[in-house]
Amino acid sequence: MTRRVLFVCLGNICRSPAAENIFRSFVSDKSQDNAIEIDSCGTANYHEGKNPDSRMRQALQSRGYADEGRARQITEHDFTYYDLIVPMDRDNQNHLYALVKDQRERSKVRLFSDFLPNYQPIDIPDPYYGGSDGFLEVIALLEAGCPALLSELIPDRSR
Ligand code: 4NP
């Protein structure tokens, strides 16, 4: 049975497409790529149709990751289709909570930091207005959450 995870940030050009590419690489290395479907989106539509931010693309490439993606905004359908919906920070989590139709949809929303060792930091920092270090910091945090995220999706086989 395929499990489906959707990463969510504000613009879908920095953090969530990075999460998508990094987690895809992680599950592929564990030979779990047929079992998990991965996508990302934004709560906003400012960058609809755009590729990831060039600074994030460069940071992803420098760490050996794919840099794919086309920004899109979250839809009602996403809340039924995906098993796990993972916002990067509490602002986006609250935005998602405002969109859910019922408790079942709400229970799918899990902050990315739930999967970080020691749950730190609570928010994956928005790198958009900062320097290049911020993009590499985001990548390191996203990498740190991959093992627990895989365990959540496929409890038996991931560790
Ligand atoms: P993201 O970063 O939410 O990680 O994709 C941002 C992208 C764009 C903007 C803010 C954050 N913006 O204000 O346009």
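What counts and how
- Residues numbered from 1 in each chain as written.
- Predicted model: local features only at pLDDT ≥ 70, side-chain atom pairs only at ≥ 80, totals over all residues.
- Heavy atoms only, no water.
- Axes fitted to C-alpha atoms, helices over the stretch in contact; angles between N-to-C directions.
- Helix = DSSP H or I, 4+ residues; strand = E, 2+ residues; numbered from the N terminus.
- Parallel < 35°, antiparallel > 145°, perpendicular 65-115°, else oblique.
- Left-handed = near helix turned anticlockwise from the far one by under 90°.
- Contact = heavy atoms within 4.5 Å.
- Nonpolar A, V, L, I, M, F, W, Y, C, P; charged D, E, K, R; others polar.
- Near = heavy atom within 4 Å.
- Polar contact = N/O pair within 3.5 Å; in protein donor to acceptor, adjacent residues only side chain to side chain.
- Areas by Shrake-Rupley, 256 points an atom, 1.4 Å probe, with all protein chains shown as cover.
- Pairing = 2+ DSSP bridges.

Enquirer: Can you walk me through the packing of helix H2 (residues 54-62) against helix H6 (residues 132-153) in this structure?
Expert: How two helices sit against one another is set out by the angle between their axes and by the gap between those axes. Close contact between H2 and H6 brings their axes to 9 Å; oriented N to C, the two are set at 55°. In terms of orientation, H2 and H6 fall into the oblique class. For the pair H2 and H6, the crossing hand works out as right-handed. Residues Arg-55, Met-56, Ala-59, Leu-60 and Ser-62 of H2 pack against Phe-135, Leu-136, Val-138 and Ile-139 of H6. Of the residues assigned to the contact of H2 with H6, the class counts are 7 nonpolar, 1 polar and 1 charged.

Enquirer: Help me out: how do you make sense of the site of the ligand in this one?
Expert: Close to the ligand lie Cys-9, Leu-10, Gly-11, Asn-12, Ile-13, Cys-14, Arg-15, Tyr-46, His-47, Asp-126, Tyr-128 and Tyr-129. At 2.9 Å from an oxygen atom of the ligand is found a main-chain nitrogen or oxygen belonging to Leu-10. Across the complex, the protein chains shield 93% of the 360 Å² of accessible surface that the ligand would expose by itself. Its residues placed into classes, the shell around the ligand shows 7 nonpolar, 3 polar and 2 charged.

Enquirer: Please explain the sheet that holds strand E1 (residues 3-9) as it appears in this structure.
Expert: Sheet strands associate in pairs through backbone hydrogen bonding, adopting either a parallel or an antiparallel arrangement. Taking strand neighbours across the sheet as the criterion, the 3 strands line up as E2-E1-E3 in an open arrangement whose pairing is parallel. Each of the sheet's edge strands pairs with one partner strand only, and the pair in question is strand E2 (36-42) and strand E3 (84-87). Here the strands of the sheet are splayed against their neighbours by 20° on average, with no regard to which way each runs. Bridging between E1 and E2 involves 7 bridges; their strand directions are parallel. Bridge assignment links Cys-9 to a residue of E2, and that residue is Gly-42. In the packing of helix H1 (residues 15-29) onto the sheet, the strands contacted are E1 and E2, and the crossing angle to E2 comes to about 170°.

Enquirer: I keep staring at unusual backbone geometry and nothing clicks. Help me out?
Expert: What you tend to see is this: most non-glycine residues have negative phi, and most peptide bonds are trans. A cis amide bond, omega -10°, links Gln-120 with the succeeding residue Pro-121. Here Pro-121 lies in the loop between helix H5 (103-106) and H6. Its identity as a non-glycine residue notwithstanding, Asn-12 has a phi of 60°, on the positive side. Tracing the backbone through its elements, the reader meets Asn-12 in the loop between E1 and H1.

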